[in-house]
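Fold and contact review
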Amino acid sequence: MEFFRIHRTIPFMRHALALNAVSVITFILAVFFLFHKGLHLSVEFTGGTVMEVSYSQSADLEKVRSAIGKLGYQEVMVQNFGSSRDVLIRVPPQKGLSSTQQSEQLMGALRADAPDVQLRRSEFVGPQVGDELTSNGLKALAMVVVGIMIYLAFRFEWKFALATVIANLHDVVIILGFFAFFQWEFSLAVLAAVLAVLGYSVNESVVIFDRVRETFRRQRKLDTPEVMNYAITSTISRTIITHGSTQLVVLSMFFFGGPTLHYFALALTIGICFGIYSSCFVAASVAMWLGVKREDLIKAQPSRKDDPNDPNAGATV
């Protein structure tokens, strides 16, 4: 489906060197901030106290956050659990306070606003659980990258596989760089968004590379940069429709999803924007500089003259 069609091929590859220089600088800055500042990990990674409380009526989550914020907690996760009257609270550990003392402190603040609140459960999530979650998250990321390379190597060619992985790692590192620079909270939801961006970016690269292969077959007079330009231009309508509709959903979560979905939607927004950019410029240009050509994607067919199984081989007309 195309709402519009661009009849003139846009010379994307003409600006590939300059745009990739911007990508390299952005990538280096992201790595610098990751090492210099580090990620601001949520309680799921660092450990902390988890509480379940119950109200007699629907709980006002904003009032709950405000009451806990007055105690000096800056990073608190508050969300409904099961029903609108049940609330799940996660707070990071504080020096000098045990998990029991934290629970009593929090319940005192909550009862000051709502005397009917009841504590259902309180437990301490130790740092060992956080280390396990971190390890499993990194393993999941590594498995996704390896799976992408294997799939693209079979689907297209190893040059396309390498180019796509470089582009996807470019997206992931830049997302993490944003979170490190602004010290936004990095939670399991954000990790899920990063993995979703990987799949989303791969899908965009596959669509463009599929058009590259098709163009190599049909337009035999075009060289590699011209094929890349044509493939990207001919898929722009699809890109705008797909990414635009997805971004509308993500923005609705960002503005109306509340604090629980805020950073999840923010990570997706950054990932979608850079995913489009990396698929069009990073992946395509890297594949071009790796020397991809028509022969890599289209195997030469043996002529009848050289085919030993053809009874008419070598015959002249």
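The rules behind each value
- Residues numbered from 1 in each chain as written.
- Predicted model: local features only at pLDDT ≥ 70, side-chain atom pairs only at ≥ 80, totals over all residues.
- Heavy atoms only, no water.
- Core = buried A, V, L, I, M, F, W, Y, C linked by side-chain atoms within 4.5 Å.
- Buried < 20%, exposed > 50% of the residue type's maximum accessible area, 1.4 Å probe, protein only.
- Helix = DSSP H or I, 4+ residues; strand = E, 2+ residues; numbered from the N terminus.
- Phe/Tyr/Trp six-rings, centres within 6.5 Å; stacked < 30°, edge-to-face > 60°.
- Lys NZ or Arg CZ within 6 Å of the ring centre and 35° of its normal.
- Pairing = 2+ DSSP bridges.
- Axes fitted to C-alpha atoms, helices over the stretch in contact; angles between N-to-C directions.
- Contact = heavy atoms within 4.5 Å.

1. A look at the nonpolar core
With 33 residues, the main nonpolar core has Met13, Phe160, Phe209, Val212, Met228, Ile232 and Ala287 as its most contacted residues. Listed by contribution, the elements that provide at least two residues to this core are helix 5 (127-155), helix 6 (158-182), helix 7 (188-218), helix 8 (224-234) and helix 10 (259-289). Per-element accounting of this core gives the leading share, nine residues, to helix 10. Membership of the second largest hydrophobic core comes to 21 residues, among which are Ile175, Leu198, Val250 and Ile270.

2. Things to note about the packing of aromatic side chains
Counted by the stated rule, this structure contains 14 aromatic pairs. For the ring pair Phe12 and Phe281, a centre distance of 5.7 Å and an interplane angle of 65° mean the geometry is edge-to-face. A residue pair is termed long-range when its members are at least 10 positions apart, and Phe12 in the segment before helix 1 (16-36) and Phe281 in helix 10 qualify at 269 residues. Residue Phe12 shares its accessibility class with Phe281, and that shared class is buried. Relative to Phe186, the ring of Phe179 lies with its centre 6.2 Å away and its plane at 90°, an arrangement referred to as edge-to-face. When sorted by exposure, Phe179 lands in the same class as Phe186, which is buried. Aromatic ring contacts, followed pair by pair, group Phe32, Phe33, Phe178, Phe179, Phe181, Phe182, Trp184, Phe186, Tyr263 and Phe274 into a single cluster. Across the ring face of Phe181, the terminal group of Lys37 is positioned such that the distance to the ring centre comes to 4.8 Å.

3. So, the sheet that holds strand 4 (residues 83-91)
Strand order in the open sheet formed by four strands is 3-4-2-5, and the pairing between neighbours is antiparallel. Sheet topology places strand 3 (77-81) and strand 5 (118-125) at the edges, where each strand pairs with a single neighbour. Averaged over all adjacent pairs, the angle separating strand axes in this sheet is 20°, with direction ignored. As paired strands, strand 2 (residues 48-54) and strand 4 are joined by six bridges and run antiparallel to one another. In the strand pairing of strand 4, Thr49 is matched with Val91. On the sheet, helix 3 (residues 61-69) packs against strand 3 and strand 4 and is oriented at approximately 145° with respect to strand 3. The strands touched by helix 4 (residues 99-113) are strand 2, strand 4 and strand 5; relative to strand 2, the strand with the most contacts, the crossing angle is about 40°.

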